[in-house]
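Commentary on secondary and tertiary structure
Chain by chain, the residues run as shown.
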Amino acid sequence: DVKVTQSSRYLVKRTGEKVFLECVQDMDHENMFWYRQDPGLGLRLIYFSYDVKMKEKGDIPEGYSVSREKKERFSLILESASTNQTSMYLCASSRRPGQGASEAFFGQGTRLTVV
Amino acid sequence: EDQVTQSPEALRLQEGESSSLNCSYTVSGLRGLFWYRQDPGKGPEFLFTLYSAGEEKEKERLKATLTKKESFLHITAPKPEDSATYLCAVQAMGSTLGRLYFGRGTQLTVWP
């Protein structure tokens, strides 16, 4: 079974802190994604990575950065946390699509509260 | 722009009352359509991939179908444990990197 593991289930951080969210996958997937999920807004893509050291902005990259130094690990960084970044953060991974579609597999989520 | 719209936003069913959830999509060439289940406070769990119009997939009380413009998730004789948010996502043929576009989900509640 595919396993995507996020480092924390719950985090509470102070405004202005630098925050690191870590994600590890064990299926040798090329793609990794960071989403945030808020009530009524659904899943919104922050960043994704299609290879080591390669990244693409998603729909809401402002205030975030990412790092992918190893294939299995994808980190989301909040440079200076703000209260409007309080949310559920979800990491996912998938194969790069070839002939067929490639479904994404998700981690358990990190509920981040910025106070 | 690729778009996915799910309806209804919320659905309440009595146990045993069958119904369907809808996912409408506009995409420039469909590579695949995915259904996920999400329980409160957890990450989405993959259910099905559908590739082409006319295809059907089943799992227990769930059956997913696909046409050229929409997909349905049919729930037959639901039980309270089927209560969850169901998400639909599409992947476009033109997306070599494999990005998925998600709908906002349907929150299903099944009461005894």
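Residues numbered from 1 in each chain as written. Chains lettered and ligands numbered in written order. Predicted model: local features only at pLDDT ≥ 70, side-chain atom pairs only at ≥ 80, totals over all residues. Heavy atoms only, no water.

All names here are of chain A. Taken together, four strands build an open sheet; the order of strands is E1-E3-E8-E7 and the sheet is antiparallel. Two strands lie at the open edges of the sheet, namely strand E1 (4-6) and strand E7 (64-70), each paired on one side alone. Within the sheet, the average angular offset between the axes of one strand and its neighbour, ignoring direction, is 20 degrees. Pairing of strand E3 (residues 19-25) with strand E8 (residues 73-78) involves six bridges; the strand directions are antiparallel. (Pairing = 2+ DSSP bridges. Helix = DSSP H or I, 4+ residues; strand = E, 2+ residues; numbered from the N terminus. Axes fitted to C-alpha atoms, helices over the stretch in contact; angles between N-to-C directions.)

With that settled, consider the side chain of Thr-110 of chain A. Along the chain, Thr-110 of chain A falls in strand E11 (residues 110-114). In terms of polar contacts, Thr-110 of chain A uses its side chain to reach the side chain of Gln-6 of chain A, at 3.2 Å. (Polar contact = N/O pair within 3.5 Å; in protein donor to acceptor, adjacent residues only side chain to side chain.)

Counting residues at the interface gives 30 residues for chain A and 22 residues for chain B. For the pair chain A and chain B, the summed buried surface comes to about 1900 Å²; carbon and sulfur atoms form 58% of the total. At the boundary of chain A and chain B, one finds one salt bridge. Between Arg-99 of chain B and Asp-59 of chain A there is a salt bridge, and its shortest N-O distance comes to 2.5 Å. Across the chain A-chain B interface, the total number found is seven residue pairs in polar contact (both at pLDDT 80 or more). Within the residue set of the side of chain A that touches chain B, elements represented by two or more residues are strand E4 (31-38), strand E5 (42-51), strand E9 (87-94) and strand E10 (105-106) of chain A. (Contact = heavy atoms within 4.5 Å. Buried area = accessible area lost by both parts, 1.4 Å probe. Salt bridge = Lys/Arg side-chain N within 4 Å of Asp/Glu carboxyl O.)

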